[in-house]
Each structure stands twice: as structure tokens, then as C-alpha cells.
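This is what each chain is made of:
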Amino acid sequence: MRLSLKIVKDLITELIIIVFALIVGIAPALAENENKKKDKDKEEYSIRTKAIVLNNEGVNALNNANYDKATSKFEEAIKVDPKYPMARSNYAIALNNYAITYQSKPPKALQLFDRALYYDFDNVTTKYNTDEIIRLMSLDPKNPAVRIDLGSKALLRGDLIGAFIEFRIATELCAPKAIEAKSKEDDK
């Protein structure tokens, strides 16, 4: 009985040594993982902080009607943190305001308005301003064919954003007509 008790004690001692060795061996890896997580958190914090600083610089430039600087700062903020919604929204506002300065050059204004809509498609003011600039071009902004033509022209000059926005608007303008036609067809 004593022999077996001694064997049990020895086994427990060896087990404790093995567990201790494992803990000592794993501890640096666990610490390294924790350090990596902290570094990643610091990096994300640093990225967001940099984007906020750039965004604030853009807002200051926008408030001073310095649209070149404002759009540049917002673009930088978006590059630093593409998911930062405030920078995207402010960029759209800056582009909208910049486009207004080009009323005497409607094609340039339209290009800027389309870009603004790309970053904030639901901005009612920009949609209204876009329609107004198209009217200045003696075109009907509610005519899908006009929007398709504007999109095609944008595509030909390599303005993919302008083409995308104009085709999207054309599609939306067609959608109610298609739904209405289907509804009338279903009533028959």
C-alpha cells in the first residue's frame, strides 16, 4: 500500500512539473497574443484619430469655402479610414458646395454633383442641385433617356462614378413606370 501511495505521489509531482512547464511555455505566447491585440487596438485608434484630424481640417477648409483643400482633406481621411462615415458625408457636402461654384460650367458641376451623390446618394440637397444643373443644360432631369445619355457620356470620358450615378438614377426613374405597368397588367 505504501508503494502505491509513493507511486501516486510521484505521478502527481511529475504531473505538476509537466503542467508548470506547459504554463511557463505557453505564457510567452499568451503575452505575445495580448501584446498583438493591444498593438492592433492602438493602431485602429491611431487610424481613427488620424481620420478625425483630417476630417476636422476638411471641415475648417469647408467653412472657409476652400473647396480644393476641403475635398483633399476629406479624401485623405477616407483613404486612412474608409469606414469613417463622417468623412464620407462631409466629403459629399464639400463636393456639392464646390459644384455650385461651377454653375457657369454645367458639365463640370454635374461631374462634382455625381461624385457627391456617390458618397451620399440619399442627400436630398445634392439631388435637387443635380436636377437644377441638368435643367441649366436645357435637359429634363426626370427623363430616364437623358440620364442614360449623361451616363454614357460620362463613361466615354472615363468618369466611372458619373456613369454609375447617372445610370442608377435612370434605373430609379424607370422603376416606378415598370411597377405601374406591371400593376396595370396584373389588373387585366
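Use the structure listed above.
Throughout, a residue's number is its position along its own chain's written sequence, starting from 1. Restriction of local features to residues with pLDDT of at least 70 applies here, the model being predicted, together with a cutoff of 80 or more for giving and counting side-chain atom pairs; totals for whole chains, interfaces and linings are based on all residues. Side-chain numbers come from the whole structure's heavy atoms, not from hydrogens or water.

Draft legend 1. Representation of the packing of helix H2 (residues 67–80) against helix H3 (residues 85–100) in the model. Close contact between H2 and H3 brings their axes to 9 Å; oriented N to C, the two are set at 155°. Overall, the two elements H2 and H3 adopt an arrangement that is roughly antiparallel. Considering only the axes of H2 and H3, their crossing is left-handed. Seen from H2, the contacting residues are Tyr67, Asp68, Ala70, Thr71, Phe74, Glu75, Ala77 and Ile78; seen from H3, they are Ala87, Arg88, Asn90, Tyr91, Ala94, Leu95, Asn97 and Tyr98. Broken down by class, the residue content of the contact of H2 with H3 amounts to 10 nonpolar, three polar and three charged. Every axis in this analysis is a line fitted to C-alpha atoms, fitted for helices over the stretch in contact. Angles between the N-to-C directions lie between 0 and 180 degrees. To qualify as a helix, a DSSP run of H or I must reach at least 4 residues; to qualify as a strand, a run of E must reach at least 2; elements of each kind are numbered from the N terminus. Note on angle classes: values under 35 degrees are labelled roughly parallel, values over 145 roughly antiparallel, values of 65 to 115 roughly perpendicular, and the remainder oblique. Two helices that cross are described as forming a left-handed crossing if the nearer one is turned anticlockwise from the farther one by less than a right angle, and a right-handed crossing if clockwise. We call two residues in contact whenever any of their non-hydrogen atoms come within 4.5 Å of each other. Asp, Glu, Lys and Arg are counted as charged, while Ala, Val, Leu, Ile, Met, Phe, Trp, Tyr, Cys and Pro are counted as nonpolar; the rest, among them Gly, fall into the polar class.

Draft legend 2. Layout of the packing of H3 against helix H4 (residues 106–119). One can describe the packing of H3 onto H4 by two numbers: an axis separation of 8 Å at closest approach and a directional angle of 165°. In terms of axis orientation, H3 runs roughly antiparallel to H4. Between H3 and H4 lies a crossing whose hand is left-handed. Contacts between H3 and H4 involve Arg88, Tyr91, Ala92, Leu95, Asn96, Tyr98, Ala99 and Ile100 on the former and, on the latter, Ala109, Leu112, Phe113, Arg115, Ala116 and Tyr119. For the contact of H3 with H4, the residue count by class is 11 nonpolar, one polar and two charged.

Draft legend 3. Seen up close, the environment of Arg48. Mapped onto the elements of the fold, Arg48 is located in helix H1 (residues 2–63). Three labels apply to residues, based on accessible area from a 1.4 Å probe with only protein chains included: buried if under 20% of the type maximum, exposed if over 50%, partly exposed otherwise in between. Exposure remark for Arg48: the relative accessible area of 33% places this residue in the partly exposed category. Residue contacts for Arg48: discarding those within four places in its chain leaves Asp81, Lys83 and Tyr84.

Geometry only, nothing functional implied.
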